[in-house]
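What follows is the residue order along each chain.
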Amino acid sequence: MIRFAGRGIIAGAALAIMAAAALVDSAPVASQTTAAPAAVPVEAARVLATYPHDSGAFTQGLFFADGALFESTGQHGESGVREVELHTGKVRREVRLDPHYFGEGSTSWGDTIVSLTWKHGKAFRWDRKTLRKIGEFSYPGEGWGLTQDGKSLILSDGTPELRFLDPLTFAEQRRITVTYQGRPIRRLNELEVVRGEILANIWHQDLIVRIDPASGVIIGVIDLRDLAAAVPVTDPEAVLNGIAYDDRTGKLYVTGKNWPSLYEIALPGR
């Protein structure tokens, strides 16, 4: 088991909180009578295992369904949805999007997969067994990350808001605004529901925030800065962007765009 915490857990936690707090759309004005915000726990990522990952995959979505690992990828002409073998990183099967679409986040729903596109306002539904397209939906704004909680699909769009959508019709059910110590946090990207919390990475920040799905309040931060710094990539867009939780094994995995490795990391608080 490897702990990436070379900068020190306490110092790393403070810097992670500062980095998260910097990503705000607006901030309340402090007054002399305003109470200090409660501290948010920050944990350095602990890597438990490392697996190969396709360094050509511009990872946008990552999830498990019935023990199988799936991934959606981006870039025009390269976007697709694939099933991946965990221990080898090999692509078992794949379907490509039309070249003019830029693929984004994805998740499972029943025997299907739902995947987003970035700026086209279109989501596709795929049969999970065959990867055959069986439907599509439209939504306003951009599509970034996607997950589900057993009742709703949950979509991020780069703003501080997460939308909860009907899994069959894509009709919006409700929204929450994600906040850190009272401040809205934008650039929320890849999403995953883990043990009743929504985990979200912040685009271009090596952090995963733990979100209360009822209130939108960030209740914890996973600091992956040391892990990301050790990944042998030079492209500034090769950022952290993949979170997958296997509820059959209770294991949590992360990767990034064009990263050559996928990492199992310890669950928060473990």
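Please refer to the structure higher up on the page.
My aim in this report is to walk through the structure given alongside it, one point at a time. (Residues numbered from 1 in each chain as written. Predicted model: local features only at pLDDT ≥ 70, side-chain atom pairs only at ≥ 80, totals over all residues. Heavy atoms only, no water.)

## Considering unusual backbone geometry
The phi dihedral of Gln-75 is positive, around 85°, even though this residue is not glycine. Residue Gln-75 is classed as partly exposed on the basis of its relative accessible area of 30%. If you check the backbone angles, Asn-258 has positive phi at about 65° while not being a glycine. With respect to the helices and strands, the residue Asn-258 is situated in the loop between β23 (251-256) and β24 (261-265). (Buried < 20%, exposed > 50% of the residue type's maximum accessible area, 1.4 Å probe, protein only. Helix = DSSP H or I, 4+ residues; strand = E, 2+ residues; numbered from the N terminus.)

## Examining the pattern of salt bridges
Here the structure, examined in full by the defined rule, presents 17 salt bridges. Between Arg-248 and Asp-66 there is a salt bridge, with the nearest N and O atoms lying 3.9 Å from each other. Here the residue Arg-248 occupies a position in the loop between β22 (240-246) and β23, and Asp-66 occupies one in the loop between β4 (59-65) and β5 (68-73), the gap between them amounting to 182 residues. Asp-66 shares its class with Arg-248; the two are exposed. Two residues, Arg-92 and Glu-85, come together in a salt bridge whose shortest N-O distance is 3.5 Å. (Salt bridge = Lys/Arg side-chain N within 4 Å of Asp/Glu carboxyl O.)

## Quick word on the packing of aromatic side chains
Counted according to the given criterion, the structure contains 11 aromatic pairs. Ring geometry for Tyr-51 against Tyr-253: centres 6.2 Å apart, planes inclined by 50°, an arrangement best described as tilted. Placement of the pair is Tyr-51 in strand β3 (residues 46-52) and Tyr-253 in strand β23, with a sequence separation of 202 residues. On the basis of relative accessibility, which here comes to 3%, the residue Tyr-253 falls in the buried class. (Phe/Tyr/Trp six-rings, centres within 6.5 Å; stacked < 30°, edge-to-face > 60°.)

## Section: the environment of Pro-268
In this structure, Pro-268 sits in the segment after β24. The sequence separation of Pro-268 and Pro-41 amounts to 227 residues, and the corresponding C-alpha distance is 9.9 Å. Those residues in contact with Pro-268, other than ones at most four positions away along the chain, are Glu-43, Arg-195, Arg-210, Ile-222 and Leu-252. (Contact = heavy atoms within 4.5 Å.)

## As for the sheet that holds strand β2 (residues 42-44)
Spatially, the five strands line up as an open sheet ordered β2-β21-β20-β19-β18, and their pairing is mixed. Because the sheet does not close on itself, it has two edges, and the strands there are β2 and β18 (188-194). The mean angle between the axes of side-by-side strands here comes to 25°, regardless of whether they run parallel or antiparallel. Relative to strand β21 (residues 218-223), strand β20 (residues 207-211) runs antiparallel, the two being bridged by five bridges. Residue Arg-210 lies in a different strand from β21, and its bridge partner there is Gly-220. (Pairing = 2+ DSSP bridges. Axes fitted to C-alpha atoms, helices over the stretch in contact; angles between N-to-C directions.)

## Let's talk about the side chain of Asn-241
When you line up the elements, Asn-241 lands in strand β22. Of the polar contacts made by the side chain of Asn-241, one reaches the side chain of Asn-189; its length is 2.9 Å. Once you skip the residues sitting within four places of it in the chain, Asn-241 turns out to touch Thr-59, Gln-60, Asn-189, Glu-190, Asn-201, Thr-255, Gly-256 and Lys-257. (Polar contact = N/O pair within 3.5 Å; in protein donor to acceptor, adjacent residues only side chain to side chain.)

## Description of the sheet that holds strand β14 (residues 161-165)
Each strand in a sheet pairs with its neighbour through backbone hydrogen bonds, running either in the same direction (parallel) or in the opposite one (antiparallel). Strand order across the open sheet formed by four strands is β12-β13-β14-β15, with antiparallel pairing between neighbours. With partners counted over all chains shown, the strands left at the sheet margins are β12 (146-148) and β15 (172-177), one partner each. Each neighbouring strand pair of the sheet contributes to a mean axis angle of 25°, computed without reference to strand direction. Where strand β13 (residues 153-156) lies against β14, four bridges are found, and the strand directions are antiparallel. Within β14, the residue paired with Leu-153 across the bridge is Leu-165.

## With respect to the pairing of β15
The pairing of β14 with β15 spans five bridges and is antiparallel. Within the sheet, the bridge partner assigned to Leu-162 lies in β15 and is Ile-176. As consecutive antiparallel partners, β14 and β15 are separated by six residues, and within that stretch Phe-170 has a phi angle of approximately 70°, a positive value.

## Here's the deal with the environment of Phe-64
Position of Phe-64 among the secondary structure elements: in strand β4. Sequence spacing of Phe-64 and Tyr-253 is 189 residues, and the spatial spacing of their C-alpha atoms is 10.0 Å.

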